[in-house]
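# Architecture at a glance
Now for the letters of each chain:
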Amino acid sequence: MYFASDNSGPVHPRVMAALNEANQGYQMAYGADTLMNEVRDRIRGIFEAPGAAVYLVATGTAANVLALSTLANPWETIFCSPVAHIHEDECNSPEFYSGAKLTLVPGGDKMAPEALRQSILAEETRGVHGPQRGPVSITQVTERGSVYSLGELQALCDVAKEYGLPVHLDGARFTNALVALNCSPAEMTWKSGVDAVSFGGTKNGLMGVEAVVFFDEEKAWEFELRRKRGAHLFSKHRYLSAQMAAYLQDDLWLQMARQANANCARLADGLRAKGATFLHEPQANMIFAKFSRARHKQLHEAGAVYHLWGAELDGADDEEILACRLVCDWSISADDIDQFLALI
């Protein structure tokens, strides 16, 4: 009953087999391995973007901050949600790598177009003394488990384009959003106005690899320099390439995301039937649910692993309602979900 994070799940056996196969013999280093050529072509095909620049890094933080530092100048500001991962969970690395600051667009889990416009208009008002307008970063799936519709993405990108600003998509859970929307990668990115995307794999069954895709190759060389300068260019790059190649082969990436989302839907349906309420409507593979401290204690004592959200398990009032976050990955079994629900 492990619902703490999709970061905590196992690597898919097909990915492990691909790593073992890649471990045979010798390959050129620093991304010159033959597998990387295959990965680059596959990702370009998946995104319907034959001219895209495609790179691999080992972590989601590296993917986000290196992409943003390529899109932003040090005197600019990056617009994002107050609960964006780049703001709450990356230890100021976007600021460190880019030199730019973050501007938090007022609102909740999702950015709204008008709020974004007002935040953009509030900058470049102090001449040389204030930050200049920089990229917009959108998180898809959001940190609260919501999914921007294609219309919502288009509306945010349209606002950014009004002011000539590039758009970055933080896609740590890109494929979970994709299968939830039942759309194409192109529709969820460049066709909506996205300029660069962090195409996540680690949360979806890989050991540790993310792709960074620029739909305009103009920034490619700068990204390569920043990746090297930032100490994120792997020498034994073939092990990143092998993971991504296995991920994309025979639609494994889609299969795992569909399974993770289906696991989440099974858990959400069961929680509703038990009377639990939600902070946010589950749309992908994360649930923010509320039930009593007594139930949380019972679940933890039985071995369930998950995080309370803004609350502590210890407390005298067992009837107090506490929120929690439950995350499903591809590997969680129906038996684990049903055992968890039976305890509630």
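Residues numbered from 1 in each chain as written. Predicted model: local features only at pLDDT ≥ 70, side-chain atom pairs only at ≥ 80, totals over all residues. Heavy atoms only, no water.

### Things to note about the sheet that holds strand β11 (residues 321-327)
The cut-off we apply is this: We treat two strands as partners when DSSP finds at least two bridges between them. Counting from the N terminus, the helices are DSSP H or I runs at least four residues long and the strands are E runs at least two residues long. By definition, residues are in contact when any of their heavy atoms lie within 4.5 Å. With axes taken as lines fitted to C-alpha atoms, and helix axes fitted only over the stretch in contact, angles between N-to-C directions fall between 0 and 180 degrees.
The strand order β8-β9-β11-β10 describes an open sheet built from four strands, whose pairing is antiparallel. At either end of the open sheet lies a strand with only one pairing partner, and these are β8 (277-280) and β10 (307-308). Two elements, β8 and strand β9 (residues 286-292), share three bridges in a ladder whose sense is antiparallel. Bridge pairing in β9 places Phe278 opposite Ala289. Packed on one face of the sheet, helix α12 (residues 293-301) meets β9, β10 and β11 and runs near 115° to β9.

### Some points on empty space enclosed by the protein
Our working definition: Cavities and pockets are defined on a 1 Å grid built over the protein atoms alone: a cavity is a set of grid points where a 1.4 Å probe fits but cannot escape, while a pocket is an open set with protein on both sides within 12 Å along at least five of seven lines, and lining residues are those with an atom within 4 Å of any such point. Grid points are joined across faces, edges and corners, and a volume is the space filled by probe spheres set on the points. Each residue gets one of three labels, nonpolar for Ala, Val, Leu, Ile, Met, Phe, Trp, Tyr, Cys and Pro, charged for Asp, Glu, Lys and Arg, and polar for the others, Gly among them.
By the definition in use, this model includes one cavity of 30 Å³ or more. Within this model, the largest cavity holds a volume of roughly 60 Å³. Taken together, Cys80, Ser81, Val83, Ala84, Asp109, Met111, Ser137, Ile138, Thr139, Thr142, Glu143 and Tyr148 form the lining of the largest cavity. When residues in the lining of the largest cavity are grouped by element, the largest group, three residues, is from strand β4 (residues 132-139). Of the residues that constitute the lining of the largest cavity, the class distribution is six nonpolar, four polar and two charged.

### Quick look at helix α11 (residues 252-273)
Formally: By this rule the span expected of a helix is its residue count minus one, scaled by 1.5 Å.
Compared with an ideal rise of 1.5 Å per residue, which puts 22 residues at 32 Å, α11 spans 32 Å between its outermost C-alpha atoms and is within 8% of the ideal. Once α11 finishes, Gly275 follows within two positions and takes phi at roughly 95°, a positive value.

### Thoughts on the sheet that holds strand β1 (residues 53-57)
With respect to topology, seven strands assemble into an open sheet ordered β1-β7-β6-β5-β4-β2-β3, the strand pairing being mixed. Only two strands of the sheet have a single neighbouring strand rather than two, namely β1 and β3 (101-104). In this sheet, neighbouring strand axes are inclined to one another by 25° on average, regardless of whether the strands run parallel or antiparallel. Taken together, the three bridges between strand β2 (residues 76-80) and β4 define a ladder with parallel strand orientation. Paired with Thr77 across the strands is Arg133, a residue of β4. Relative to β1, helix α9 (residues 220-229) is tilted by about 10°, and along the sheet it contacts β1 and β7 (210-214).

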